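Report on the structure
The residues making up each chain are set out below.
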Amino acid sequence: SQTIHQWPATLVQPVGSPLSLECTVEGTSNPNLYWYRQAAGRGLQLLFYSVGIGQISSEVPQNLSASRPQDRQFILSSKKLLLSDSGFYLCAWMAGELSYEQYFGPGTRLTVT
Amino acid sequence: LAKTTQPISMDSYEGQEVNITCSHNNIATNDYITWYQQFPSQGPRFIIQGYKTKVTNEVASLFIPADRKSSTLSLPRVSLSDTAVYYCLVVFSGGYNKLIFGAGTRLAVHP
């Protein structure tokens, strides 16, 4: 069966520090991968999506970046965090263009202080 | 991408049927309608998807009228554990299936 992992589960970082969140998927190959952010009490905001290794599409201009170094690995990064980067970060995968069901990871709770 | 509008919140009681309606007036021919459920501090979970008419699975039904400008998620006999946020999304089938989440509907089920 397919499994999606995210780490760390929680993170507290000072303003201006770097960020690296990792997401890995097991049990599937060539998935579409997505990064979302959810502010407290709000809906999910799509940040990045990837349809293959090295292929990243950005949805919202910001100080975050994403990379996909391997087929089932998706990384979210920042060189300098802002207070507004606080939130709940979720990674998700989808089997491909013929499916409309996304599977979400457990999420990372990021607090920028 | 089609914009969706759904009620901000709803209240119900255990054992009742809950219907959450979503409007998507500018839905395109190739778009699909999906619904997700989210509990606090968890990622959303897929509930159901459809294109037209009625779709039913083990947890919910989805009703889509002929003009497809709205859809209704029906939850039969809700329980306290159905208290969650429910999102209606329109998925553009030709755009790598990007899901655009709105604010959702906060459903509170009372004893």
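Note that the coordinates shown come from a computational prediction; the quantities given were computed from them, not determined experimentally.

A separate point is the overall build of chain B. Regarding its fold elements, chain B presents zero helices and nine strands. Each helix (α) and strand (β) of chain B, taken in turn from the N terminus, gives the series β-β-β-β-β-β-β-β-β. Radius of gyration (C-alpha) of chain B: 13 Å, near the 13 Å computed for a compact globule of 111 residues. When the backbone C-alpha atoms are referred to their principal axes, chain B occupies close to 40 × 30 × 25 Å.

All names here are of chain A. Counting through the fold element by element, T24 comes out in strand 3 (residues 19–26). Since its relative accessible area comes to 17%, T24 is described here as buried. The contact partners of T24, leaving out residues within four places of it in the chain, are T3, I4, H5, W7, R72 and Q73.

Another point: the sheet that holds strand 3 of chain A. All names here are of chain A. Reading across from one edge, 1-3-8-7 is the order of the four strands in this open sheet, with antiparallel pairing throughout. Strands with a single pairing partner mark the edges of an open sheet, and in this sheet they are strand 1 (3–7) and strand 7 (64–70). Strand-to-strand, the axes of this sheet are offset by a mean angle of 20°, without reference to chain direction.

Before going further, it helps to spend a moment on the interface of chain A and chain B. Taken together, the 26 residues of chain A in the interface contact 22 residues of chain B. Here chain A and chain B share zero salt bridges between them. Those elements that place two or more of their residues in the side of chain A that touches chain B are strand 4 (32–38), strand 5 (44–52), strand 9 (87–94) and strand 10 (102–104) of chain A. For the side of chain A that touches chain B, the per-class residue count stands at 13 nonpolar, eight polar and five charged.

Our focus in this paragraph is the environment of C23 of chain A. Residue and element names in this part refer to chain A. Tracing the backbone through its elements, the reader meets C23 in strand 3. What makes C23 buried here is its relative accessible area of 1%. Separated by 77 residues in the primary sequence, C23 and Y100 place their C-alpha atoms 20 Å from one another. When sequence neighbours within four positions are dropped, the list of residues in contact with C23 reads I4, H5, Q6, W35, R72, Q73, F74 and C91.

It is worth spelling out the packing of aromatic side chains at this point. Under the criterion given, the structure shown has twelve aromatic pairs over all chains. Ring geometry for Y34 of chain A versus Y36 of chain A: centroids 6.3 Å apart, planes at 25°, classification stacked. For Y34 of chain A, a relative accessible area of 0% puts it in the buried group. Stacked on the ring of Y51 of chain B, the Lys or Arg R68 of chain B has its end atom at 4.0 Å from the ring centre.

Rules used in this analysis
- Residues numbered from 1 in each chain as written.
- Chains lettered and ligands numbered in written order.
- Predicted model: local features only at pLDDT ≥ 70, side-chain atom pairs only at ≥ 80, totals over all residues.
- Heavy atoms only, no water.
- Helix = DSSP H or I, 4+ residues; strand = E, 2+ residues; numbered from the N terminus.
- Rg over C-alpha atoms; globule rule 2.2 N^0.38 Å.
- Buried < 20%, exposed > 50% of the residue type's maximum accessible area, 1.4 Å probe, protein only.
- Contact = heavy atoms within 4.5 Å.
- Pairing = 2+ DSSP bridges.
- Axes fitted to C-alpha atoms, helices over the stretch in contact; angles between N-to-C directions.
- Salt bridge = Lys/Arg side-chain N within 4 Å of Asp/Glu carboxyl O.
- Nonpolar A, V, L, I, M, F, W, Y, C, P; charged D, E, K, R; others polar.
- Phe/Tyr/Trp six-rings, centres within 6.5 Å; stacked < 30°, edge-to-face > 60°.
- Lys NZ or Arg CZ within 6 Å of the ring centre and 35° of its normal.

Scope: geometric values only; no functional claims are made or implied.
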